[in-house]
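Summary of structural features
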Amino acid sequence: MNERVKHPDKKNALSILQAAEREMSYTLNLQINDESAFNIIRNIYECFRMLGDSRLVSKGFISQDHVTQIKELENIPVVTQRPIRIIDTLRKLRHNINYYGYIPNKTEAEDAVSIAKSCFFPLVEFIKNELIADHK
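First, a word on scope: everything that follows refers to the structure included in this document. (Residues numbered from 1 in each chain as written. Predicted model: local features only at pLDDT ≥ 70, side-chain atom pairs only at ≥ 80, totals over all residues. Heavy atoms only, no water.)

Let's talk about the pattern of salt bridges
Summed over the entire model, instances satisfying the criterion amount to 10 salt bridges. In this structure, Glu-21 engages Lys-128 in a salt bridge whose closest nitrogen and oxygen atoms are separated by 3.3 Å. With a gap of 107 residues between them, Glu-21 in helix 1 (residues 10-28) and Lys-128 in helix 5 (residues 106-135) connect regions that are remote in the sequence. Under the relative-accessibility criterion, Glu-21 is labelled buried at 19%. Here the salt bridges do not stand alone but share partners, grouping Arg-55, Lys-59, Glu-72 and Glu-130 into one network. (Salt bridge = Lys/Arg side-chain N within 4 Å of Asp/Glu carboxyl O. Helix = DSSP H or I, 4+ residues; strand = E, 2+ residues; numbered from the N terminus. Buried < 20%, exposed > 50% of the residue type's maximum accessible area, 1.4 Å probe, protein only.)

Here you go:
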């Protein structure tokens, strides 16, 4: 595992979680087309990454890579319409976009939106409830 141990920071974790929620709400309202696909996919992926980061920060870990943040989401016991492990496909797609100049299309953006709509909000609720329960 590629992470450093630090003190748990519930306040920062909640801040990261809320930022991810705001960004996802914005992104899901964008018109989907070939031109917007690039930003939609990257934003959706980043929101999921932030959720994983939020959970790790709440436990006192600082992750050094995105894989750890996404794997953290796979450990959450929530029921979703699509498997949580599918989020890793967004990580790989975003990697190809950022580092290899891949140009995504409307269909790929629609799939990213489908993943977000089926997985993001159940994960948010679980993490939020975890943070609130730990805060009491």
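Some words on the nonpolar core
With 35 residues, the main nonpolar core has Ile-44, Phe-48, Leu-51, Leu-73, Ile-87, Phe-120 and Leu-123 as its most contacted residues. Within the residue set of this core, elements represented by two or more residues are helix 1, helix 2 (37-59), helix 3 (66-74), helix 4 (87-100) and helix 5. With 11 residues, the single largest contributor to this core is helix 5. Beyond its immediate stretch of four places on either side in the chain, Ile-44 contacts Met-24, Thr-27, Leu-28, Leu-90, Ala-112, Val-113 and Ala-116. (Core = buried A, V, L, I, M, F, W, Y, C linked by side-chain atoms within 4.5 Å. Contact = heavy atoms within 4.5 Å.)

Looking at the side chain of Asp-53
As for its placement among the helices and strands, Asp-53 is situated in helix 2. In this structure, Asp-53 is buried with no salt-bridge partner, the nearest side chain bearing the opposite charge being Arg-49 at 4.3 Å. Engagement of the side chain of Asp-53 in a polar contact is seen with the side chain of Gln-69, the distance being 3.4 Å. (Lys, Arg positive; Asp, Glu negative; His and termini not counted. Polar contact = N/O pair within 3.5 Å; in protein donor to acceptor, adjacent residues only side chain to side chain.)

Focus on the environment of Ile-97
Mapping Ile-97 onto the fold places it in helix 4. Expressed as a C-alpha distance, the spacing of Ile-97 and Ile-70, which sit 27 residues apart in the sequence, is 18 Å. Setting aside its immediate chain neighbours within four residues, Ile-97 contacts Phe-38, Ile-41, Arg-42, Tyr-102 and Pro-104.

Things to note about helix 2
With 23 residues, helix 2 extends 34 Å between its outermost C-alpha atoms, agreeing within 8% with the 33 Å of an ideal straight helix rising 1.5 Å per residue. With respect to burial, helix 2 is a largely interior element, 18 of its 23 residues being buried. Of the residues trailing helix 2, Gly-60 is marked for its positive phi of about 95°. (Expected span 1.5 Å × (residues − 1).)

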